[in-house]
Amino acid sequence: MRTQVAIIGAGPAGLLLGQLLHAYGIENIILERKDRDYVLARIRAGVLEQGTVGLLEEVGVAARLHREGLVHDGIELAFGGARHRIDMKQATGGKTVTIYGQTEVTRDLMDARDRAGLKIVYDADNVSLHDFDSYKPRVRYVKDGVTHEIACDFISGCDGFHGVSRESIKAEAIKIFERVYPFGWLGILSETPPVSEELIYANHERGFALCSMRSHTRSRYYVQCTLDDHIDNWPDNKFWDELKRRLDREAVDRLVTGPSIEKSIAPLRSFVAEPMRFGRLFLAGDAAHIVPPTGAKGLNLATSDVHYLSTALREFYSETSSAGIDDYSRRALTRVWKAERFSWWMTSILHRFPDTDAFSARIQNAELDYLVSSKAATTALSENYVGLPY
Ligand code: FAS
Ligand code: PHB
């Protein structure tokens, strides 16, 4: 088999890249290790930057998002027993974010790919990458016991943090930058109305909490937990009691609890692999970088990578220019590192660290107090949260 671009991974990065390349007339195939239902069952991100919404509009996959997504003008920061609203729309001259689950983005992209008759190979086992340092890269995979080989011009590794693409690169060719945080996020999904109109990020002496949502009837909540914690230690009532301890009185009075329909613990890390291009292999999304979810950047970085990569490949095929693909890694990493900084900073001011002593607790409080009382600080937070320009 032959194609122009072989995409590894059917998460948001791989699926959106596939649709953009199709829109640009570039043949592509997606190889996905799991089946469709497994990919859709993963509950992850919930906040879309305007740039991400714009890319989904560009490939004609934003109709349901506009029908069902919730446009948010601001967020709330809770600390010292009070809540403070950050009016991001006002601070950024009109920019907003859209609340729409990653699961729904993935579903919409899968449906669009099916409607276009484009190929995704699910349950693709033992994917392996070959000769990507030559002009004739190849990808092999096993499906139903049969080994297949795809000859292609380019390979895009969109296979996430635990994928095969980054692992296929010689150790001496790649540099890793990493920070592992000494805590995780215990998250639940419940068919209950959200506690507030907008998201609440809470700094509390017992630990961080986040009140988010997926719709007016489905809520997403998180509490900071220890790295060695396990969801078996957290029956629903224990989760709700802990969340209430970390929220202000008004929020506690409004909170509607109910059975969890999903519960999971995610570790937090900052991670960047440099560069993001190796000959005819490009890394995009979590395959190249990870951010702690505090800044709601993970999914949105995957989409900006894919914006840069798809326009570079369009330039290569339509103008036979390699300028875009030669500059892909630099362009992508410039935006990645700004999001890494913002996510690290949001995590550092909102969480309790093992070495958070009385002094550092006061510093966190002063930082938060400055954030909500200074126009300049509010603007800086807002322009990063809604998404820096591509
Ligand atoms: P993904 O990991 O989504 O997709 C990679 C795909 O490649 C998967 O479908 C996988 O099955 C497939 N794959 C892996 N290895 C393969 C192989 N060898 N062969 C073929 N296919 C292979 N971001 C936020 O902004 N907010 C959040 O709240 C948030 N919460 C998160 C919670 C968790 C538990 C995790 C893990 C991540 C979270 N993220 C969050 C980040 C997340 O949304 C990612 O940024 C986003 O999924 C990135 O998309 P992809 O790069 O497509 O990677
Ligand atoms: C979510 O709704 O899952 C969510 C929202 C904002 C974040 C992280 C996660 O910063």
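Everything below is about the structure shown above.
Residues numbered from 1 in each chain as written. Chains lettered and ligands numbered in written order. Predicted model: local features only at pLDDT ≥ 70, side-chain atom pairs only at ≥ 80, totals over all residues. Heavy atoms only, no water.

### Overview of the sheet that holds strand E3 (residues 47-48)
Put simply, the rule reads: In this description, strands pair whenever DSSP reports at least two bridges between them. Note on conventions: DSSP H or I runs of at least 4 residues are helices, E runs of at least 2 residues are strands, and numbering of each starts at the N terminus.
An order of E3-E7-E4 is seen for the three strands of this open sheet, with the pairing classed as antiparallel. Pairing within the sheet leaves two strands with one partner each, and these edge strands are E3 and strand E4 (70-72).

### Points about the site of ligand 1
Convention followed: In this text, near means that some heavy atom of the residue lies within 4 Å of the molecule or strand in question. Polar contacts here mean pairs of N or O atoms no more than 3.5 Å apart (in protein, one a potential hydrogen donor and the other a potential acceptor; neighbouring residues in sequence count only if both atoms are side-chain atoms). All accessibility values rest on the Shrake-Rupley procedure with a 1.4 Å probe; residue burial counts only the protein chains present in the view. Amino acids are sorted into nonpolar (Ala, Val, Leu, Ile, Met, Phe, Trp, Tyr, Cys and Pro), charged (Asp, Glu, Lys and Arg) and polar (every other residue, Gly among them).
Around ligand 1, the structure places 29 residues, and the nearest of them are Glu32, Arg42, Arg44, Gln102 and Asp286. The contact in question runs from an oxygen atom of ligand 1 to an N or O atom on the side chain of glutamate 32, over 2.7 Å. Between ligand 1 and arginine 33 there is a distance of 3.1 Å, counted from a nitrogen atom to a backbone nitrogen or oxygen. Bound to the protein, ligand 1 loses 87% of the 990 Å² it would expose on its own. Here the residues of the shell around ligand 1 sort into 14 nonpolar, seven polar and eight charged.

### Examining the site of ligand 2
Among the 14 residues in the neighbourhood of ligand 2, the closest are listed as Tyr201, Ser212, Arg214, Tyr222 and Pro293. Contacts to ligand 2 include serine 212, whose side-chain N or O atom sits 2.6 Å from an oxygen atom. Residue threonine 294 places a main-chain N or O atom 3.3 Å away from an oxygen atom belonging to ligand 2. For ligand 2, the accessible surface in isolation is 290 Å², of which the surrounding protein chains cover 97%. Going through the elements one at a time, strand E15 (209-213) and strand E16 (219-225) are the ones with two or more residues in the shell around ligand 2. Tallied by class, residues from the shell around ligand 2 come to eight nonpolar, three polar and three charged.

### Brief notes about unusual backbone geometry
The cut-off we apply is this: Partly exposed residues are those whose accessible area sits between 20% and 50% of the maximum for their type, while under 20% is buried and over 50% is exposed, using a 1.4 Å probe and protein chains only.
Residues glutamate 274 and proline 275 are joined by a peptide bond in cis, for which omega reads -10°. Note that proline 275 resides in the loop between strand E17 (260-274) and strand E18 (277-278). Residues other than glycine seldom take positive phi values, yet aspartate 123 does so here, at roughly 55°. Looking at the secondary structure, you find aspartate 123 in the loop between strand E8 (120-121) and strand E9 (125-130). The class for aspartate 123 is partly exposed, based on a relative accessible area of 35%. Of note, the phi angle at aspartate 131 is positive, near 55°, even though the residue is not glycine. Inspection of the secondary structure puts aspartate 131 in the loop between E9 and strand E10 (138-143). When its relative accessible area of 35% is taken as the criterion, aspartate 131 is described as partly exposed.

### Some details on the pattern of salt bridges
Worth spelling out the cut-off: Whenever a carboxyl oxygen of Asp or Glu lies within 4 Å of a side-chain nitrogen of Lys or Arg, that contact is scored as a salt bridge.
Scanning all chains against the criterion turns up 29 salt bridges. A salt bridge links arginine 138 to aspartate 131; the shortest N-O distance between them is 2.5 Å. Notably, a salt bridge pairs glutamate 242 with arginine 206, separated by 2.8 Å at the nearest N-O pair. One end of the pair, glutamate 242, is in helix H7 (residues 236-245); the other, arginine 206, is in the loop between strand E14 (200-202) and E15, and 36 residues separate them in sequence. By relative accessible area, which is 43% here, arginine 206 ends up partly exposed. One network of salt bridges, in which partners are shared, links Arg64, Glu68, Glu104, Arg107 and Asp108.

### With respect to the pairing of strand E13 (residues 175-190)
With 13 bridges connecting them, E13 and E17 associate as antiparallel partners. Note that in E17 the partner of leucine 186 across the bridge is isoleucine 265. Examined bridge by bridge, E13 and E16 share seven bridges and lie antiparallel to one another. The residue of E16 that forms the bridge with leucine 186 is valine 223.

### Points about the pairing of strand E2 (residues 28-31)
Operational definition: The handedness rule is simple: strands pointing away from the viewer, and a clockwise path from the first strand over the helix to the second, make the crossover right-handed.
Going residue by residue along E2, you find Asn28 and Ile30 tucked away on one face and Ile29 and Leu31 tucked away on the opposite face as well. Here four bridges tie strand E1 (residues 5-8) to E2, and the two strands are oriented parallel to one another. Bridging across to E2, isoleucine 7 finds its partner in isoleucine 30. Regarding topology, helix H1 (residues 12-23) serves as the crossover connection from E1 to the parallel E2, and that connection is right-handed. In terms of strand pairing, E2 meets E8 through two bridges, oriented parallel. Across the sheet, leucine 31 pairs through a bridge with valine 121, a residue of E8.

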